Amino acid sequence: MTENFYWKNWMKSSIKKRHIQLSELRMRLKNAKNNRQKYELCDKLFNGYLHYQADSALVYVERKEQLLPMFYDPLLEQELIINRAEVMGVMGMYSWAEQLLSQVQPSTLTPELLGYYYRTMRANYGWFADYLVNKDLKEMYQEKTHIYRDSIMLTTSPGIDH
């Protein structure tokens, strides 16, 4: 009984802190003076909302996309595809996420962005495997998950906990 009480209070406190942090970021975005600052704040809001309110995370992907023409950076286009795919995966739209990720050109990515791509691929295939009933398909997606896990380890800097 006592443990449940502490858990509920911890959750309420954690949700309240997240809400405050996101509110502060939204206010900073509203007052941002330049497009780079707006883009970075939208990125922080995307990450803040991703596993909290995925539909809100998608709104900030779209806001980042609106700012994209001002930067002329093809890597940001690739990042947005991965962002959108990550949201689709979190929302359970694994096939859509897979289709988006197939548009990414891994050979053009920076090491950091390549790691993000691999983590998103691994997560999406893992979710596919978790929810498949067909044994052969489940095993196929589990194997893909393992391949991307290995790729993540190869692209992660030494000293980072895998």
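See the structure printed just above.
Computed from a predicted structure; not experimentally measured. (Residues numbered from 1 in each chain as written. Predicted model: local features only at pLDDT ≥ 70, side-chain atom pairs only at ≥ 80, totals over all residues. Heavy atoms only, no water.)

### Section: unusual backbone geometry
Non-glycine residue Y72 carries a positive phi angle of around 50°. On the secondary structure map, Y72 appears in the loop between helix 3 (54-67) and helix 4 (74-90). Taking the relative accessible area as the measure of exposure, Y72 reaches 75% and is therefore exposed. (Helix = DSSP H or I, 4+ residues; strand = E, 2+ residues; numbered from the N terminus. Buried < 20%, exposed > 50% of the residue type's maximum accessible area, 1.4 Å probe, protein only.)

### So, the packing of aromatic side chains
The geometry of an aromatic ring pair is captured by the separation of the ring centres together with the interplanar angle, meaning the angle of the planes. The tally for this structure, following the rule as stated, stands at 12 aromatic pairs. Between the aromatic rings of Y94 and Y131, the centroid separation amounts to 6.2 Å while the plane-to-plane angle is 10°, which identifies the pairing as stacked. One end of the pair, Y94, is in helix 5 (residues 94-101); the other, Y131, is in helix 6 (residues 111-131), with 37 residues separating them in the sequence. On the basis of relative accessibility, which here comes to 60%, the residue Y131 falls in the exposed class. Measuring from centroid to centroid gives 4.4 Å for F128 and Y141, while their planes differ by 20°, and the two rings are stacked. In this pair, F128 sits in helix 6 while Y141 sits in helix 7 (residues 135-155), placing the two residues 13 residues apart along the sequence. The residues F128 and Y141 share a single accessibility class, namely buried. Cluster of aromatic residues (ring-pair linked, three or more members): Y94, Y117, Y118, Y125, W127, F128, Y131, Y141 and Y148. Lying across the ring of F71, R36 places its NZ or CZ 4.2 Å from the centre. (Phe/Tyr/Trp six-rings, centres within 6.5 Å; stacked < 30°, edge-to-face > 60°. Lys NZ or Arg CZ within 6 Å of the ring centre and 35° of its normal.)

### Brief notes about helix 5
Side chains three or four residues apart in an α-helix point the same way, a direct result of the helix having 3.6 residues per turn. Those residues of helix 5 that fall on the buried side of the exposure criterion are Y94, A97, L100 and L101. Burial along helix 5 is one-sided: seen end-on, the buried residues are contained in an arc of 120°. On the buried face of helix 5, the contacting elements are helix 4 and helix 6. (Arc of directions from axis to C-beta. Contact = heavy atoms within 4.5 Å.)

### Describing the layout of surface pockets
One simple way to see leftover space: roll a probe sized like a water molecule over the atoms. Each pocket or cavity is described by its volume, and for the largest pocket that value is around 260 Å³. Along the walls of the largest pocket sit D43, F46, N47, L75, L76, E79, N83, T110, E112, L113, Y116 and R119, which together make up its complete lining. Within the residue set of the lining of the largest pocket, elements represented by two or more residues are helix 2 (35-49), helix 4 and helix 6. The residue makeup of the lining of the largest pocket, split by class, is 5 nonpolar, 3 polar and 4 charged. (1 Å grid on protein atoms, 1.4 Å probe; cavity = no way out; pocket = protein on both sides within 12 Å on 5 of 7 lines; lining within 4 Å. Points joined across faces, edges and corners; volume = space filled by probe spheres on them. Nonpolar A, V, L, I, M, F, W, Y, C, P; charged D, E, K, R; others polar.)

### Observations regarding the pattern of salt bridges
Considering all chains together, one arrives at 4 salt bridges under this definition. Here K64 makes a salt bridge to E79, at a shortest N to O gap of 3.5 Å. With K64 in helix 3 and E79 in helix 4, the pair connects residues that are 15 residues apart, well separated along the chain. Of the residues examined, K64 reaches a relative accessible area of 0% and is grouped as buried. Note on E79: relative accessible area 18%, which makes it buried. Note that E65 and R84 form a salt bridge whose closest N and O atoms lie 2.7 Å from each other. A residue pair is termed long-range when its members are at least 10 positions apart, and E65 in helix 3 and R84 in helix 4 qualify at 19 residues. (Salt bridge = Lys/Arg side-chain N within 4 Å of Asp/Glu carboxyl O.)

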